[in-house]
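For reference, the chains in residue letters:
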Amino acid sequence: MTYLSTLLTGVAAVALGIGLAVTAPAAAQTAGDRASLPVATPAADAPPGDEIVVLGFGESRQVQSVTAADLSRLTPGSSPLKAIEKLPGVNFQAADPFGAYEWAVRISLRGFNQNQLGFTLDGVPLGDMSYGNVNGLHISRAIISENVARTDVAQGAGALGTASTSNLGGTIEFFSDKPRDTLNVTGGGTYGSNDTYRGFARIDSGDLGGGLKGYLSYGFLTTDKWKGAGVQRQHQANGKIVKDLGSLGSLSAFLNFSDRREQDYQDLSYDIIRRRGLGNDNIADNYPLALQIAKVAQNQAAAAAGAAQPWAGVGTAFPAGIGTVDDVYFDAAGVRRDYLGGVTFDANLTPGLTLRTTGYYHDNKGQGSWITPYSPTPAGAANADGTPIAAASPLGFRTTEYAIKRGGALSNLAYETGANTLELGGWYESNTFTQARRFYSMTDTATPNRDVLKFQDNPYATQWDGKYTTDTIQYHVGDTLRLADDRLTLNAGWKGFTVTNRAIMLPATTSPLAVGRISAKDWFQPQAGLLFKLAPGTELFADYKENVRAYVSSATTGPFSTTQAGFNAIRDRLKPERSKTAEGGLRFRQGPVQASAVGYYIDFSNRLLGFANGAGIIGNPATLNNVGSVRTYGAEVALTYRVFTPLSLFASYSYNNSQYADDVLDARGTVLVATDGKTAVDSPEHMVKGEIVFEQSGVTARVGADYMSKRYFTYLNDQSVSGRVLVDASIGYRFEGDGPLHGVSIEGSVTNLTDKGYISTIGSNGFTASGDNQTLLAGAPRQVFVSLKKGF
């Protein structure tokens with residue numbers, strides 16, 4: 001590993017000396033791959049080979065695509081989100097080298113956070129992809145990364161027919177790979193830092209006759225955490241089948257499975273970092289210490305209340321190096337099991353009239369665990385096997401348990417007549433989501449009695465058990481008009497939706513949380529855009545759009561995450577969040593150079609804010625209110641340059657100014673936080689990204705750099721995370737000659753090449769008005785991996 005790391009460091013030094021950073025060559029996109037028109041088409045002067053970043057030529061809005069060629073240069077198993085982090089306007093954060101650890105993964109576009117974006121896979125909605133998702137699932141579970149063919153990022157807002165009611169600030173659409181035309185077997189394995197093992201295998205049937213073909217694939221990942229004790233594991237299986245129906249169109253179906261189990265990293269605060277460093281983590285390998293810390297904390301609380309200390313002989317002094325009960329917890333984890341399937345019929349009804357219809361179903365079982373000193377286990381509580389524990393324990397096993405059963409259908413009818421392409425489409429989804437807060441026993445013994453990576457049995461208490469339903473109806477109407485020999489393209493349309501949310505509490509629970517019904521409705525959300533080709537390879541574009549974000553149904557977020565009294569107070573005056581976005585720009589392509597530049601303005605109103613009550617581990621109900629507006633303006637520039645055939649460069653720059661336009665008021669009109677004019681949390685003002693890729697005679701070398709300016713994690717801007725530069729690199733060789741090594745490739749990759757210590761994710765436990773908060777996660781140090789791949 002030392003030699004590989006040294007070699008990659010040398011490659012990075014050369015790249016940084018050039019001062020730019022990536023792309024390489026990109027797959028042409030077909031009309032059938034696009035969710036809506038217009039469609040980008042390759043120009044005659046496009047560079048040879050496959051472009052890695054497609055800059056959205058032919059689109060009347062800011063949109064860019066990243067192909068599978070780019071994702072293949074990342075460490076196998078990396079989230080598809082890591083491939084798009086270099087694009088302008090994209091703020092991506094993670095605490096692991098793969099970008100797949102969901103508690104820490106955050107992605108935002110132009111200041112809009114993850115739950116204000118829209119995500120789809122082959123058109124199927126993934127919800128808002130937030131942790132503990134109530135209406136979808138994360139892309140790292142929805143599909144194996146090797147099976148992602150293309151990712152489209154619309155920084156402003158998605159296509160009119162995108163199946164999402166949360167895309168205030170843009171969409172990210174993933175498209176799966178198609179089955180191969182010939183029998184093909186591919187496989188690969190990866191080993192690296194922290195005993196990482198990653199395997200992948202795929203078999204394509206080839207054409208079985210009559211245009212029928214498909215593939216099956218399997219992926220496996222296991223890795224130790226880079227700090228502390230614990231593992232992160234995942235099993236995935238994907239299957240897809242396509243039937244070519246000739247002039248009638250095509251029929252396709254997919255079924256994807258994921259079982260992911262990951263132990264958490266400890267949330268940090270600046271106080272904890274100063275005293276214990278970025279390497280501070282849960283103490284899953286030291287159960288006796290966790291018991292001692294919990295006992296001391298409970299003795300301190302009793303002493304402060306003038307009561308007898310419950311743990312005799314332990315005292316009220318923490319062990320050396322421990323300052324508070326929140327410095328280290330024993331353990332925490334996320335366990336998720338998902339099935340996602342869908343069937344799509346692409347029908348050519350008549351010349352010029354096409355219909356695309358998709359039906360889908362998603363089944364999820366999930367559990368988020370926290371071993372907590374705030375909920376001690378009483379004597380007599382049951383073990384996992386149902387037997388009672390011998391004595392009380394200062395620790396308890398707290399879970400948030402999820403189950404999603406959602407199904408739906410989306411359809412788009414397009415009719416091309418003369419210069420017009422008319423569209424009419426709709427989407428319906430019914431989602432039943434159950435969520436419970438339960439407590440399980442922990443023992444006061446030398447070793448723990450439960451495994452956080454397993455679904456738990458025999459709770460001793462249920463705090464709440466809710467059933468939440470969401471019914472979504474959305475439609476869209478649009479027209480694309482091409483004039484002046486296709487030099488001018490105009491498009492306009494609107495979408496509308498009604499989303500009804502309901503909450504009930506299941507019997508046998510005494511819950512402080514709200515029940516009832518609330519809905520969001522807006523039948524007219526307009527969009528309009530234009531594209532004008534100034535000259536071959538040069539085009540101007542501009543667009544305007546309005547979007548509304550529906551409420552979500554959950555005990556931990558949205559209108560029902562408060563008390564019944566709180567919900568009753570806000571139900572009739574709460575307004576859904578709304579955005580109005582205007583953008584315009586220029587794209588240029590000539591020979592080996594492609595570039596785009598865009599400016600934008602966003603009016604974000606009716607912002608919803610949940611006021612946290614207590615430390616995240618306590619899980620108190622939040623208080624939700626509309627708190628005013630945000631004004632955002634900015635600019636984005638992207639450039640690709642093929643210096644000569646083997647060497648390609650990509651660079652992007654983003655400027656974003658997002659400021660709160662109002663002070664935060666409570667229901668009585670009292671000023672709580674003077675946020676007017678403050679910068680929005682987690683919104684870096686400057687981002688600079690770049691890559692260099694070299695490919696020749698089987699040799700591939702890549703280096704990328706990512707600069708981000710400081711980010712605030714308080715609404716009053718008195719606490720921030722400083723800017724940082726991160727560098728990743730890889731180098732590999734593919735045997736292209738005849739013989740047994742034909743098709744074999746070996747690659748070494750390094751993340752965080754300079755081994756920078758930094759804070760990555762902010763807001764893991766939400767944001768506060770001011771002061772320090774245990775809501776930060778450290779980024780992973782340098783990690784080194786070696787991968788071997790083979791195609792047959």
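What you see is a predicted model; the values in this text were computed from it and never measured.

Topic: the packing of aromatic side chains
Inspection of every chain in the model, using the stated rule, returns 23 aromatic pairs. Between Tyr 475 and Trp 523 the ring centres are 6.0 Å apart and the planes differ by 45 degrees, which places this aromatic pair in the tilted class. Of the two residues, Tyr 475 sits in strand 18 (residues 461-483) while Trp 523 sits in strand 20 (residues 516-535), which places them 48 residues apart along the sequence. Its relative accessible area of 40% is what places Trp 523 among the partly exposed residues. Summarising the aromatic geometry, the rings of Tyr 715 and Phe 767 are spaced 6.4 Å apart at their centres and angled 70 degrees between planes, so their arrangement reads as edge-to-face. Of this pair, Tyr 715 sits in the loop between strand 32 (711-712) and strand 33 (720-721) while Phe 767 sits in the loop between strand 36 (759-762) and strand 37 (776-778), placing them 52 residues apart in sequence. Here the aromatic residues Tyr 402, Phe 433, Tyr 468, Phe 560 and Phe 567 are joined through ring pairs into a cluster of three or more. In this structure, Arg 202 is placed above the aromatic ring of Tyr 215, and the distance from its NZ or CZ to the ring centre is 3.8 Å. The ring of Phe 455 carries the charged tip of Lys 365 above its face, separated from the ring centre by 4.4 Å.

Some details on the environment of Tyr 339
Within the secondary structure, Tyr 339 is located in strand 14 (residues 332-350). Along the backbone, Tyr 339 and Asn 238 are 101 residues apart, and their C-alpha atoms lie at a distance of 9.9 Å.

Quick notes on a nonpolar patch on the surface
Nonpolar side chains collect at one region of the surface, where Leu 183, Val 185, Ile 203, Leu 216 and Phe 792 lie side by side and expose about 530 Å² of accessible area between them. Among the secondary structure elements, Leu 183 is positioned in the loop between strand 8 (171-176) and strand 9 (184-192). Classification of Leu 183 by relative accessible area gives exposed; the value is 61%.

The rules behind the values
Residues numbered from 1 in each chain as written. Predicted model: local features only at pLDDT ≥ 70, side-chain atom pairs only at ≥ 80, totals over all residues. Heavy atoms only, no water. Phe/Tyr/Trp six-rings, centres within 6.5 Å; stacked < 30°, edge-to-face > 60°. Helix = DSSP H or I, 4+ residues; strand = E, 2+ residues; numbered from the N terminus. Buried < 20%, exposed > 50% of the residue type's maximum accessible area, 1.4 Å probe, protein only. Lys NZ or Arg CZ within 6 Å of the ring centre and 35° of its normal. Patch = residues over 30% accessible without salt bridge, like charges linked within 9 Å, V, L, I, M, F, W, Y side chains within 5 Å. Areas by Shrake-Rupley, 256 points an atom, 1.4 Å probe, with all protein chains shown as cover. Salt bridge = Lys/Arg side-chain N within 4 Å of Asp/Glu carboxyl O.

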